[in-house]
Every structure is written in C-alpha cells, then in structure tokens.
Amino acid sequence: MNNEKYLLAHAMTSKPECTENKYYYLMGNEMNAEYLHNGIEGYNSICGHRNTANHKIWRNEKGNLIMCDCGCGFRKGKLGCLCLETKEEFYV
C-alpha cells in the first residue's frame, strides 16, 4: 500500500522469513520492550489482541508498530479502525 509493506496479525508479527507457530500470531509471545520499541524493521505491523490503555489506536515512536485493539468488547471500549491509505483513525 503506497509503497509501504505491512504485516497484519491478531497478536504479534514476525519477519516474513521467520515463520512462527500459529499461536504466536493469535495469542502473542511475551510483549517485550524491544518489539514494542522497534517493531519489525522494514515493515509496518498492525496488531490487536491487547487493549490499548486509552481506547485509542497506539503507535510506537518509530510509527512502524500499530496496536488497534481499543477494547470494543468492553463497556467503555471502542472499535478502532485505521485507513491504510490515509492513516486516518475512525472510532465506533
């Protein structure tokens, strides 16, 4: 999309050449500080699974890791949507 490479997974992403078992992508591994800070070099990762603290889409400082689970299954949560073309955020 717009000459950017994306990795999408329910919980965590990995480099395409490093295939993990399906539970890694579905449930995640221990979210370590390195992953949260660096993401996957050369890719934009988009994940959910873990609620963001303020019910808004979260990005790391590099902008290459985006966590979009805004807690829509909970009373005060929201459904967070991200347009990959424009990077606009929408909440329902």
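Everything discussed here concerns the structure shown above.
Residues numbered from 1 in each chain as written. Predicted model: local features only at pLDDT ≥ 70, side-chain atom pairs only at ≥ 80, totals over all residues. Heavy atoms only, no water.

Turning our eyes to something else, we now look at the overall build of the protein chain. The secondary structure content of the protein chain amounts to 2 helices and 6 strands. N-terminal to C-terminal, the α/β element order of the protein chain is β-α-α-β-β-β-β-β. Whereas a compact globule of 92 residues would reach a radius of gyration of roughly 12 Å, the protein chain reaches 13 Å, a difference of no more than 12%. Evaluated residue by residue, the protein chain yields a buried proportion of 33% over its 92 residues. Within the protein chain, contacts between residues separated by at least 24 positions form 35% of all contacts whose residues are at least 6 apart in sequence. Entry remark: accessible area of the protein chain is about 6200 Å², with carbon and sulfur atoms responsible for 52%. (Helix = DSSP H or I, 4+ residues; strand = E, 2+ residues; numbered from the N terminus. Rg over C-alpha atoms; globule rule 2.2 N^0.38 Å. Buried < 20%, exposed > 50% of the residue type's maximum accessible area, 1.4 Å probe, protein only. Contact = heavy atoms within 4.5 Å. Areas by Shrake-Rupley, 256 points an atom, 1.4 Å probe, with all protein chains shown as cover.)

Turning to the nonpolar core, a few remarks are in order. Within the largest apolar cluster, 8 residues are counted, these being L7, M12, Y24, Y35, I40, C47, L65 and M67. Setting aside its immediate chain neighbours within four residues, Y24 contacts A11, M12, T13, S14 and N29. If you look at the next biggest cluster of nonpolar residues, it comprises 6 residues, including Y6, I46, I66 and C70. (Core = buried A, V, L, I, M, F, W, Y, C linked by side-chain atoms within 4.5 Å.)

Locating N44 in the fold gives a position in strand β2 (residues 44–47). Within the structure, N44 has its side chain in polar contact with the side chain of E4 (distance 2.8 Å). Residue contacts for N44: discarding those within four places in its chain leaves E4, K5, Y6, L7, G63 and N64. (Polar contact = N/O pair within 3.5 Å; in protein donor to acceptor, adjacent residues only side chain to side chain.)

Right, let's get into the packing of aromatic side chains. Scanning all chains against the criterion turns up 1 aromatic pair. Taking NZ or CZ as reference, K56 lies 5.3 Å from the ring centre of Y91, over its face. Looking at K78, its charged tip hangs above the ring of Y91, at a distance of 5.7 Å from the centre. (Phe/Tyr/Trp six-rings, centres within 6.5 Å; stacked < 30°, edge-to-face > 60°. Lys NZ or Arg CZ within 6 Å of the ring centre and 35° of its normal.)

Distances and angles like these do not, on their own, reveal function.
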